[in-house]
Each structure stands twice: as C-alpha cells, then as structure tokens.
Amino acid sequence: MAMTDTRPESGTGDATAADTGVAHTVNLLGTGDHKALGITWIVFSLVFGVAGWIVTAIWSANGVGDGDLVSADAARTLFTGGHLGLVLLVIIPLFLGLATYVVPLQVGANTVAFPRAAAAALWAWVLSAGVFIVANAIDGGIGGGREKAVSIGLLAIIGLAFALMLATVCAVTTAIALRTPGLSLDRAPFFSWATIVGGAIWMLTLPVLVANVLLIYVDHRYGRPSDYGVPAAQWQQLSWVVGQPQVYAFAVPGLGIISDIVATLAGVRQRNRGLVYVGIGGFAILSVGAWAQPYFYDKVEDEAVYAGMAFLIVLPVLLLLAAWGTTLRAGKLSAKSPLGLSLISGLLLLLAVVAGALYVITPLELRETDVYGAGQFALVLGAALAAASAGVMYWAPKMTGREAADGLGKLNVLVLLGGGALAGLPLVVLGFATKFDGLEDAADALWVLSAVGAALLALGALLTLLALVSTGRGASVEADPWGTGQTLEWACPSPPPAGNFGELAVVRSPEPLLDAADPAEEA
Amino acid sequence: MAATHALPPAPPLQRPRVLVVGSAFASAAAVMIFVGLIGIYLAERANAIAAGEKWLPSEISIPLQQPNTILFTLLMSVVTMAWAVQAVANNDKVNSYLALGVTAVFGFSTIVMTTYLWSLMGADVAANTQSVLLYTITGAHMVMTILAIIFVGLMAFRALAGGFSARQHDGITAAALFWYAMVAVYALIWITIYVTK
C-alpha cells in the first residue's frame, strides 16, 4: 500500500458500537469519519445560526426610536459579534459541513483528505466558538470594555479562522487530489467545483483577517501604543470581512449546491456546463475583498477597481440564473423543497449584488451610513443560508438513509424568502435616507421589518435543523431517493457504509449515473 | 484504402499527491498572513512619509548585518532542503538525514539571530506603532519558522522510520514546500522592513 497521509477512515467505532449516549459521544469525539464530522459541523452551525439571527434581530429592534432597547455597549456587541458570528460560526462552517460530508462522495473517494486534521479542525472550531461567545457575552467582543475578555475574544477569532482554514484545506484537497479515475476537473460536480474555488478564496482572505486581528491583539495587549487596539478602531479594521466584495465569498459554495440541485431535480444534464463553471469561478474571483480595507485606505471605495468589481459581479449571477433557467426549462419543474430553496437563494443573491452595484454609485450617497451595508450583508447571508438549507434538504436522505419531512422544507422556502427579503431590503431602503429625506420618517417601521426578517431567518435555521432531525422518523430510502441522481454520491447506499464505495467504474462524463442508466446518452 | 491503428491503452490518470496539495494550500495561507501584515506596514509607512514625517523613530535602529545573515542562512537552507528532497528521491538515507538535520540547524540559528536582532533594534513594543508592527511581523515569522522546523523534524523522523522511498516521498516534498514559503516570506520582510526601513 502506498504511503500517503490519507488512510482509510479512522475511528474508534462504527454504527454497530454500543448505543449508550456516553459511548456515542466518545465515538464522535474520536472519529475521523467524514460523515460524522460533516453532520456535527452542520448541527452546530445551525444551532449557532438560530442564536446569531436572534442577536441580529435584537440589534435591528434596537434601531427603533432612540435606540435604547439595549445599552450602547450591548448594541455594539450585538452588531460586531452578530456579524462576525454569522460568518465564522454559521455560514462558513455550514458549507464546510456539507463539503466534508458530500465532496468525498461526489468525487468517489473513500474518505476526506487528512481525516485526523479534519477532526481536529472541527473540535478546535467548537472550542473557539465557545470562547468567542463567552467573550462577547462578558463585554469582550470587538471594541469591548473588559480588557482581558477582549484579548480572549481576539484569540478566539484567530482560533476560529485557523480551524476553518484547516477544514477548508481538507475539503479542497479531497476535491483536487482524491478524485476517482476519469473524473477530471471539467467533469467535477458543481458543489465540488464551488468548494475548490470558494475554499481557495477563503484560504487567500481569511489569513488577512488573522493578520488584522493579530495586530489588534498585540497593540491591545501591550497598552495600545498605536490606534489598532483602541476600542473605537477595532471594528473599523475588521469591517471589510462583512462588506462587499468580501461578503460574497461566503456564498460561493451555495452556487455549486444550487447548480447540482437544479440539474438533478430537473432530471436533465446541465447544458453548457462550462458556463456554470465560469460563472461560479468568476463570482469567486470577484469576491476577493481582503485588499479593500477602508481603515487603511479611506478612499478605497472610490477606486475604479472597487466600483468595477461591484458592477461586474452581477454578470456571473445573471449567467448562472440563465443557466439554471435553461436547465429547468429543458427538464421538469419539481415541487421539492431543495429546488424552492435554491431558487429563493438565487433571487436573494441577485438582490444583494444589485444592491452592491448601487452602493458604488457616488451620487446616491449610500456610503454615508452603515445601514445600507448591513442590509446588503443580510441579503447575502440570507441567500447563503437558503442555499445551505437547500443542500441539507437535498442530501439529508443520503446522510441518514431516511426521508426528510419535505413539508418542513416547503415551509422553510416561505420563511427564508420572507426572512431574507425583510432582513435586508428595509435596511437597503433606509440607506437611501441620506439622499431622500422622507425616508427618515419611515425609519422605525423599516427597522421593525428588518428585525422581523432576522427573526424569520433564525426560524429558518431552526426549521432546517428540525428537517434534518425529522429524518429519524422518515421512511427508508434507496441509494438515489430522488430517482434522477447524476453524480457519484447517489451511487452508494444511504447512508454510505465505511469506505463509501466498493469498486467504482471509470467515470466518463460529468453525469456518470446517467451514463450507467442509458449508455446511448453518454456525452 | 483506410487503415485502422490499434493504439496503446491510455495510461491511468495521475492523481495529484495529497500531502503536497494540502501543504501548498497551507503554505499559501501562511504567506497571505504576511501579505496582509506587510501591506499594512507599507500603507502606514506611506501615510507617514506623505505627511512629511520620518517613519522610524530615532530610538529604533535596525542594523543590516543580522538581517543579512538571516537571509543568507535561509538561502543556504533552501539548498539543503532541496538536497534533502533529492537525496530521498535517490533513496540515499545518509544524505537525507544530513540534509534535513542541517536545514533544521539553519532554521534554529535563524531564530537565535532574530532574537538577537530584537535586542539590538531598541524598539519597545509598548512605545509606538512602528514597534507594534515590527514585533508582530517578525514574531509571526518566527512562529512560522518554528512550525517549519517542526514539520521538517516530523518528516525526518518518518524518513528514519523508513516511511519514504524514491517512489513515495510526499512528506519531504510537502515539508520543503512550506520551508520555501517561509524563506520567501523572510525575503519579503528583509526587503520591505530591514532594507527599506
């Protein structure tokens, strides 16, 4: 056997181990099984997602009237901790959980690359998340007042970033290096492709976040000889992470999920696959935002490159929407919740990039306040949450071997559509208040709508979690519960056994299962 | 009359080496940390000079001997690291251990020289922005150097245990990749901080 660092799945046990809670927990803590790790990522992320959107709802509600629902310090913590938390504790880990579970199956691998590193990444993330939450709770968030708590909070952010980068390395390496023979990159499933490009962008930009936080920490720790560690300046140095173009980077894997779902549920091969790859890749490249740090260059938003990227990123979204529309037209429209969630994700993302394009139009004066940016952030993350929920609903039968409650998924379509639109659009509208005076009078109503939207997004995260849990009572499913599976993950039993696959035939097209079903149709 | 040709079967698909791919991504991420830090350093320096101020305060004095020594030591370590990879590829165990050992010694001497340089610079981390930046960047590079030494050490132990061969030496290649990234980062620090000042 060749010596590599990716051995067959390691773990202290499998499904036949003693079914006591303690034994199961010990098994989970020691496992390198990508399936267990992936589900753990997803469950934790959704739990944090419920909390994160509730925090955002409280922050929005505080905008009503004089803003005295909570104290100024608490409002600052709700905003900074809520925004960073939604990125580092919810969206990125949710996509990583799906990638850890699904990508090895999609590429025909028997495990994720570096299983022990993947396990270490998960538990380091859980630990760092706990520290981050506690630090924020005791006024140790970004710009907080308790010095030691702030130090711990900053270290927690560094820990979160490293853990997420490690997990990203595992997922991306799996997609690049463990593909089964015949599965070249131009035949890779869309989610695997999106994991590669999205993961690459995260690996280029999250380290810059680490650099910022490290500088803040050193300055804060040694008595603030410069401005970096000054409480009022801390968030200004990190705000680029939740602003455009960087915020789009967190939605990249969602584009792959939607592409896979549309093709499979439409029951046809995706036409013009190259355009979909280009669209996802172009979107990812245009989402690199580590260079656009207003704190260090306050005129960056006036730069032609910044404006150009804001306009250009609309094109890949339109391209992808056209490709998905073409596929749906060629196939059949299925009333399944993953498709509904995918479509609303695309819609919310389109709204977000259009909002982003408007942002750079100087005469509109949208950069005078932070409200517009907060609205755009909510739209992007609402889109990402919808795409991730679509992925959970789509792959839940594969993960558990049982049907998920599609009714919950369909309800979630309405909840996430309403939540994403209400959380983001009112704040986007309020951003025009500096230009159009009359809007100030409607500010309270708009803040209330935004709070309702954020609460709906919290409900959406909860519904996704419940749908996953509901598979415990669903009917057993076959390897391909949709009946129209195209990619390799639908070739193994549900749930996949240890090692995932037996012997795989050489892949000869992007849709190997369709080739096996009808060799005459093979591309 | 048309002729048909019996072509030989296609060779099996070559899969990229797992550890090398992972190490490449990890190295890229590490480099990006320093791109961010040095970018901030250069931006602050440019702002200070544009405002008509002197960038480095008078109490900070960065000699060139020590940074140059570190640079040349690391450049030599690039050679020894390449020597290690080549030796493993040739199944030459003695040269492998020698090269890996010398590389680690070069790395260790870099750490020693960096701490000596800190004592000579006269910079107090609690005094000004410039010191904060200097210590953050050079300190982070020292951490990267330590990690690179640990990586090389681990791969040396695996080589000792017979884990590598001429056909399969991904571990040494991965360690070399990270080492080269560490040296490249130092070259960037050398030119932007120690030389440009």
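### Quick word on the overall build of chain A
On a plain count of helices and strands, chain A comes out with 16 helices and zero strands. Taken against the 2.2 N^0.38 rule, which gives 24 Å for 523 residues, the C-alpha radius of gyration of chain A at 22 Å falls within 12% of a compact globule. The dimensions of chain A, computed from C-alpha atoms along their principal axes, are 65 × 50 × 40 Å. Split into buried and exposed, the 523 residues of chain A put 60% on the buried side. Looking at chain A alone, contacts between residues at least 24 apart form 82% of all its contacts between residues at least 6 apart. Surface accessibility of chain A: about 18,500 Å² in total, with carbon and sulfur atoms responsible for 65%. Here chain A carries 24 positive and 36 negative side-chain charges, and the mean point of each set is 7 Å from the other.

### Describing a nonpolar patch on the surface
Residues and elements named next belong to chain B. Together, Val35, Leu64, Leu188, Ile191 and Val195 give the surface a local cluster of nonpolar side chains, amounting to about 350 Å² of exposed area. The leading source of residues in the nonpolar patch is helix H5 (residues 170–195), at three residues. Assignment of secondary structure puts Ile191 in helix H5.

### Side note on the packing of aromatic side chains
Residues and elements named next belong to chain A. This model, assessed by the stated rule, comprises 24 aromatic pairs over all chains. Look at Tyr228 and Phe296: their rings are 6.2 Å apart centre to centre, the planes differ by 50°, and that puts the pair in the tilted class. Taken together, the residues span a long stretch of sequence, with Tyr228 in the loop between helix H6 (190–221) and helix H7 (231–238) and Phe296 in the loop between helix H9 (273–285) and helix H10 (304–312) at a distance of 68 residues. Taken individually, Tyr228 and Phe296 each receive the classification buried, so the pair is uniform in this respect.

### Observations regarding H9(A)
Residues and elements named next belong to chain A. For H9, spanning 13 residues, the distance from its first C-alpha to its last is 18 Å, which sits close to the expected 18 Å at 1.5 Å a residue. The set of residues buried in H9 consists of Arg273, Val276, Tyr277, Gly279, Ile280, Gly281, Phe283 and Ala284. Where the residues of H9 are buried, they touch H6, helix H8 (252–266), helix H11 (314–330) and helix H12 (337–359).

### Some thoughts on the side chain of B:Ser77
Residues and elements named next belong to chain B. Among the secondary structure elements, Ser77 is positioned in helix H2 (residues 65–89). The buried category is assigned to Ser77, whose relative accessible area is 0%. Residues in contact with Ser77, not counting those within four places in the same chain, are Thr103, Phe106, Trp179 and Val183.

### Here's the deal with the pattern of salt bridges
All names here are of chain A. Overall, the coordinates contain nine salt bridges over all chains when judged by the stated rule. For Arg367, the salt bridge goes to Asp302, with nearest N and O atoms at 2.7 Å. Placement of Arg367 in the loop between H12 and helix H13 (371–400) and of Asp302 in the loop between H9 and H10 is noted, with a sequence separation of 65 residues between them. The residue Lys410 makes a salt bridge to Asp406 at a minimum N-O spacing of 3.2 Å. Placement of both Lys410 and Asp406 in helix H14 (residues 406–430) is noted, with a separation of four residues, approximately one turn of the helix. Note on Lys410: relative accessible area 41%, which makes it partly exposed. Looking at Asp406, the relative accessible area reads 18%, which means it is buried. Connected through salt bridges with shared partners, the residues Asp73, Arg76 and Asp139 form a single ionic network.

### A short note on the packing of helix H3 (residues 72–106) of chain A against helix H4 (residues 115–137) of chain A
Residue and element names in this part refer to chain A. Relative orientation of the contacting elements H3 and H4 amounts to 170°, with a least axis distance of 11 Å. Viewed along their axes, H3 and H4 adopt a mutual orientation that is roughly antiparallel. In terms of crossing hand, the pair formed by H3 and H4 is left-handed. Here Thr77, Gly81, Leu84, Gly85, Leu88, Leu89 and Pro93 of H3 come into contact with H4, specifically with Trp125, Ala129, Phe132, Ile133 and Asn136.

### Remarks on the side chain of A:Thr471
Residues and elements named next belong to chain A. Along the chain, Thr471 turns up in the loop between helix H15 (443–470) and helix H16 (512–517). On the accessibility criterion, Thr471 (3% relative accessible area) is buried. Within the structure, Thr471 has its side chain in polar contact with the side chain of Thr400 (distance 3.3 Å). Excluding residues within four positions of it along the chain, Thr471 makes contact with Ala396, Thr400, Arg402, Glu403 and Ala404.

### Observations regarding the layout of surface pockets
Put simply, the largest pocket is a space of about 1,300 Å³. The wall of the largest pocket is formed by 39 residues, among which A:Phe162, B:Ala26, B:Ala30, B:Leu147 and B:Phe178 lie closest to the centre. Contributing elements (two or more residues each) for the lining of the largest pocket: helix H5 (147–177) and H6 of chain A together with helix H1 (18–50) and helix H4 (129–160) of chain B. The element best represented in the lining of the largest pocket is H4(B), accounting for 12 residues.

### Quick look at the environment of A:Gly49
All names here are of chain A. Checked against the element boundaries, Gly49 lands in helix H2 (residues 34–61). Among the residues examined, Gly49 registers a relative accessible area of 1% and is labelled buried. Remark: the alpha-carbon pair of Gly49 and Glu301, spanning 252 residues in sequence, is separated by 30 Å. If near-sequence neighbours (up to four positions away) are discounted, Gly49 is found in contact with Val90 and Ala461.

### Things to note about H11(A)
All names here are of chain A. Across its 17 residues, H11 extends 24 Å between first and last C-alpha, which sits within 8% of the 24 Å expected from 1.5 Å per residue. Every buried residue belonging to H11 is among Val314, Pro316, Val317, Leu320, Ala323, Trp324, Thr327 and Leu328, and all of these are buried. Looking at the packing, one finds that the buried side of H11 touches H8, H9, H10 and H12.

### Description of the packing of H2(A) against H13(A)
Residue and element names in this part refer to chain A. Their axes nearest at 12 Å, the elements H2 and H13 cross at an angle of 150°. Relative to H13, the element H2 is oriented roughly antiparallel. Note on packing geometry: the crossing formed by H2 with H13 is left-handed. Contact with H2, carried on its side by Ile39, Ile42, Trp53 and Trp59, involves Ala374, Ala378, Leu381, Gly382, Leu385, Val392 and Met399 of H13 and no other residues of that element.

About the criteria used
Residues numbered from 1 in each chain as written. Chains lettered and ligands numbered in written order. Predicted model: local features only at pLDDT ≥ 70, side-chain atom pairs only at ≥ 80, totals over all residues. Heavy atoms only, no water. Helix = DSSP H or I, 4+ residues; strand = E, 2+ residues; numbered from the N terminus. Rg over C-alpha atoms; globule rule 2.2 N^0.38 Å. Buried < 20%, exposed > 50% of the residue type's maximum accessible area, 1.4 Å probe, protein only. Contact = heavy atoms within 4.5 Å. Areas by Shrake-Rupley, 256 points an atom, 1.4 Å probe, with all protein chains shown as cover. Lys, Arg positive; Asp, Glu negative; His and termini not counted. Charge placed at Lys NZ, Arg CZ, Asp CG, Glu CD. Patch = residues over 30% accessible without salt bridge, like charges linked within 9 Å, V, L, I, M, F, W, Y side chains within 5 Å. Salt bridge = Lys/Arg side-chain N within 4 Å of Asp/Glu carboxyl O. Phe/Tyr/Trp six-rings, centres within 6.5 Å; stacked < 30°, edge-to-face > 60°. Expected span 1.5 Å × (residues − 1). Axes fitted to C-alpha atoms, helices over the stretch in contact; angles between N-to-C directions. Parallel < 35°, antiparallel > 145°, perpendicular 65-115°, else oblique. Left-handed = near helix turned anticlockwise from the far one by under 90°. Polar contact = N/O pair within 3.5 Å; in protein donor to acceptor, adjacent residues only side chain to side chain. 1 Å grid on protein atoms, 1.4 Å probe; cavity = no way out; pocket = protein on both sides within 12 Å on 5 of 7 lines; lining within 4 Å. Points joined across faces, edges and corners; volume = space filled by probe spheres on them.

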